[in-house]
Amino acid sequence: MPKDILGAAKMAEFLIAPETENARQFVQALVKQTFDHEAAYHPRKRKRREADQKAFERAIAAYAGDLLHHSANQEADGFMYRPGDRDKLSETLVSGRHFEQLNTYWREMNLTEMTGFFQAKTHLECPTDDVYLARTRRIRATQALLDKAAGFELYPDTILADFPKQSRLIRPVTVRDEVYLTPRKRRPPRNMKIRGPGYERQVALVTELNQAYAHHSFNLEDQPRLYRLFNRGNFADFNFNKGGRLYCASDDNWQSIDSETRKGIEIDGEPTVELDVRASHLAILHGLHGKSLDTQADPYHIDGIEREVVKLIFTAWTGRGTPPAQWPKKEAEKYAQRHGRKLSDTYKLKDVVAALRNRHPVLDKIKPRALDWSNLQFVESECFLSVMLELFRCYEVPALPVHDSLIVRKRDGDLVEDILGQSYQRRLGFRPVIKAA
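This part covers the sheet that holds strand β8 (residues 243-248). Strand order across the open sheet formed by four strands is β6-β5-β7-β8, with mixed pairing between neighbours. In this open sheet, the two edge strands, each paired with only one partner strand, are β6 (191-192) and β8. With two bridges joining them, strand β5 (residues 173-176) and β6 adopt antiparallel strand pairing. Paired with Arg176 across the strands is Asn191, a residue of β6. Each of β7 (226-230) and β8 is contacted by helix α15 (residues 373-395), which is oriented at about 55 degrees to β8, the strand it contacts most.

This is the structure we're talking about:
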């Protein structure tokens, strides 16, 4: 199987359920077929409890629905993937145990086919060079499963109309931990179960944003939906004040596509503009120390050093909380692919670090796990959250966040730019440069 096809596979969410009569009848038939196979080839010693039976039926429906949905992904030749992490699966309609059973049963029944195992990158949503991998397979529906669905007039291109996403299962707020095994080595972050007034307040704010989207139309495949991700929930000083970015929780992820493609997004049938805060984290770092970032000059311009190199060193510095001692591996690989030369052959790292420190002495205020990416990201997220809520509440203006930028209707551009500037002014004492991306 060509690598580009396999690389186009998307992760199954297992959050959909049958809603139409055709979908329910299809699921009933698939449940019977699956249970008959189990009885014949994997007989149980005791009958399932009623609650377990219902849970397994929901798992069959969600798994089958996702298989049909991803069959429409022609770039991936119908493949999807899903790591078997039981902790993560517990937040879906398919438990880890049911996932393993259905993988076995349906392959034997010729309803699915799988590739060999590969390592899928997990999403950390933080600017470090850490990459955590999850062992998984790529999976797709066979023609037999597609034909069975077609017998109930269910087709991949329209399956989400019959199997809508269960929004109630999507947590509007997620809190992850950060555990160090050694001073430099971390284990993969895990979701934490945190409740209480602080959590409920965050849930209410994100829910308000998601409900507001329902009053507007978008030329996206799925209605926009957000969740807010907080990090370092296990730190002693955590108070929903680390990380906090807003991420896309809907199928059509506008945040993951390139900026040129995002220019084609329409809101209420109107063209949009993406307003970007220039050097947002660097501006915030200055503001937290009573300083203003020079708005006249490019903050990432240093004579003799490419802008992208200056920027990646700043990101690495805030990501680790210390000046980088070696070139960030992932970024170095991307640089070599783009330019056909190695970063280490082009620049001396210590010279770039020294030049950046001289350009912005405030960088020495950064401290690992005390003032680094998670703190800067939180201030930024608070600015953008307040702007989006004000736009919705006072002007009925929808906005799609892309971390340090907002996608809005062109006719709302001046209003949004002003409110965004005011938000930074209130928190940091100055207005940053805001421009159309």
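From this point, the narrative continues.
The tally for this structure, following the rule as stated, stands at 28 salt bridges. Glu100 is the partner of Arg86 in a salt bridge, and the nearest nitrogen-oxygen pair spans 2.9 Å. Within this pair, whereas Arg86 is found in helix α4 (residues 86-89), its partner Glu100 is found in helix α5 (residues 96-108), the two being separated by 14 residues in sequence. Look at Glu100 and you get partly exposed, because its relative accessible area is 37%. A salt bridge links Arg245 to Glu380; the nearest nitrogen and oxygen atoms lie 3.1 Å apart. Separated by 135 residues along the polypeptide, Arg245 in strand β8 and Glu380 in helix α15 bring together distant segments of the chain. The class for Arg245 is buried, based on a relative accessible area of 17%.

Looking now at the side chain of Gln255. Turning to its location among the elements, Gln255 is positioned in the loop between β8 and α9 (259-262). Side-chain polar atoms of Gln255 contact the backbone oxygen of Pro401, separated by 2.9 Å.

Take the packing of helix α10 (residues 280-288) against α15 next. The N-to-C vectors of α10 and α15 enclose an angle of 95 degrees; their axes lie 9 Å apart at closest approach. Comparing their axes, α15 and α10 come out roughly perpendicular. Here Ser280, His281, Ile284, Leu285 and Leu288 of α10 lie close against α15, whose contacting residues are Trp373, Leu376, Gln377, Val379 and Glu380. Its residues assigned to classes, the contact of α10 with α15 shows six nonpolar, three polar and one charged.

What follows is about the pairing of strand β10 (residues 270-277). Taken residue by residue, a regular strand's side chains alternate between the two faces of the sheet. Among the eight residues that make up β10, six are buried, leaving the element largely enclosed by the rest of the structure. Sheet analysis places strand β9 (residues 266-267) next to β10, joined by two bridges and oriented antiparallel. Bridge pairing in β10 links Glu266 to Pro271. The antiparallel pairing of β9 with β10 creates a hairpin that spans two residues between the two strands, and Asp268 there sits at a positive phi of about 55 degrees. In this structure, β10 lies alongside strand β12 (residues 405-409), joined through five bridges in antiparallel fashion. Its bridge partner being in β12, Leu275 is matched across the sheet by Leu406. When β10 meets strand β13 (residues 434-436), the two strands line up antiparallel, connected through three bridges. Each residue of the ladder has a partner; that of Val277, found in β13, is Ile434.

Glancing now at the packing of aromatic side chains. Using the criterion set out here, one finds 14 aromatic pairs in the structure. Seen in terms of ring centroids, Phe230 and Phe238 are 6.4 Å apart; in terms of plane orientation they differ by 80 degrees. Their pairing is edge-to-face. The same class applies to Phe230 and to Phe238, which are both buried. Taking the centre distance of 6.4 Å and the plane angle of 85 degrees together, the rings of Phe384 and Tyr424 count as edge-to-face. Taken together, the residues Phe384 in helix α15 and Tyr424 in helix α16 (residues 413-428) connect sequence positions 40 residues apart. The residues Phe384 and Tyr424 share a single accessibility class, namely buried. Ring pairing ties together the aromatic residues Phe14, Tyr63, Phe99 and Trp106, which thus form one cluster. Cation over ring: Arg369 sits above Tyr180, and NZ or CZ is 3.5 Å from the ring centre.

Trp254 and Trp327 are the most contacted members of the largest nonpolar core, which totals 77 residues. For this core, the element with the most residues is α15, which contributes eleven residues. Not counting residues within four places of it along the chain, the set of residues in contact with Trp327 comprises Val309, Leu312, Ile313, Ala332, Leu343, Ser344, Tyr347, Lys348, Leu349 and Val352.

In this section: the environment of Leu68. By the secondary structure assignment, Leu68 is in helix α3 (residues 50-70). Leu68 sits 198 residues away from Glu266 along the chain, and the two C-alpha atoms are 28 Å apart. Excluding residues within four positions of it along the chain, Leu68 makes contact with Phe26, Leu145, Leu146, Ala149, Pro156 and Ile159.

Right, let's talk about unusual backbone geometry for a bit. For Phe14, which is not glycine, the phi dihedral falls at a positive 55 degrees. Inspection of the secondary structure puts Phe14 in the loop between β1 (10-11) and α2 (21-41). In the Ramachandran plot, Glu153 falls in the positive-phi region, its phi being about 60 degrees despite a non-glycine side chain. Classification of Glu153 by relative accessible area gives exposed; the value is 55%.

What follows deals with a positive patch on the surface. Together, Arg44, Lys45, Arg46 and Arg97 make up a positively charged patch on the protein surface. Positionally, Lys45 belongs in the loop between α2 and α3. Classification of Lys45 as exposed rests on a relative accessible area of 86%.

Each value, and the rule that gives it
Residues numbered from 1 in each chain as written. Predicted model: local features only at pLDDT ≥ 70, side-chain atom pairs only at ≥ 80, totals over all residues. Heavy atoms only, no water. Pairing = 2+ DSSP bridges. Helix = DSSP H or I, 4+ residues; strand = E, 2+ residues; numbered from the N terminus. Contact = heavy atoms within 4.5 Å. Axes fitted to C-alpha atoms, helices over the stretch in contact; angles between N-to-C directions. Salt bridge = Lys/Arg side-chain N within 4 Å of Asp/Glu carboxyl O. Buried < 20%, exposed > 50% of the residue type's maximum accessible area, 1.4 Å probe, protein only. Polar contact = N/O pair within 3.5 Å; in protein donor to acceptor, adjacent residues only side chain to side chain. Parallel < 35°, antiparallel > 145°, perpendicular 65-115°, else oblique. Nonpolar A, V, L, I, M, F, W, Y, C, P; charged D, E, K, R; others polar. Phe/Tyr/Trp six-rings, centres within 6.5 Å; stacked < 30°, edge-to-face > 60°. Lys NZ or Arg CZ within 6 Å of the ring centre and 35° of its normal. Core = buried A, V, L, I, M, F, W, Y, C linked by side-chain atoms within 4.5 Å. Patch = residues over 30% accessible without salt bridge, like charges linked within 9 Å, V, L, I, M, F, W, Y side chains within 5 Å. Areas by Shrake-Rupley, 256 points an atom, 1.4 Å probe, with all protein chains shown as cover. Lys, Arg positive; Asp, Glu negative; His and termini not counted. Charge placed at Lys NZ, Arg CZ, Asp CG, Glu CD.

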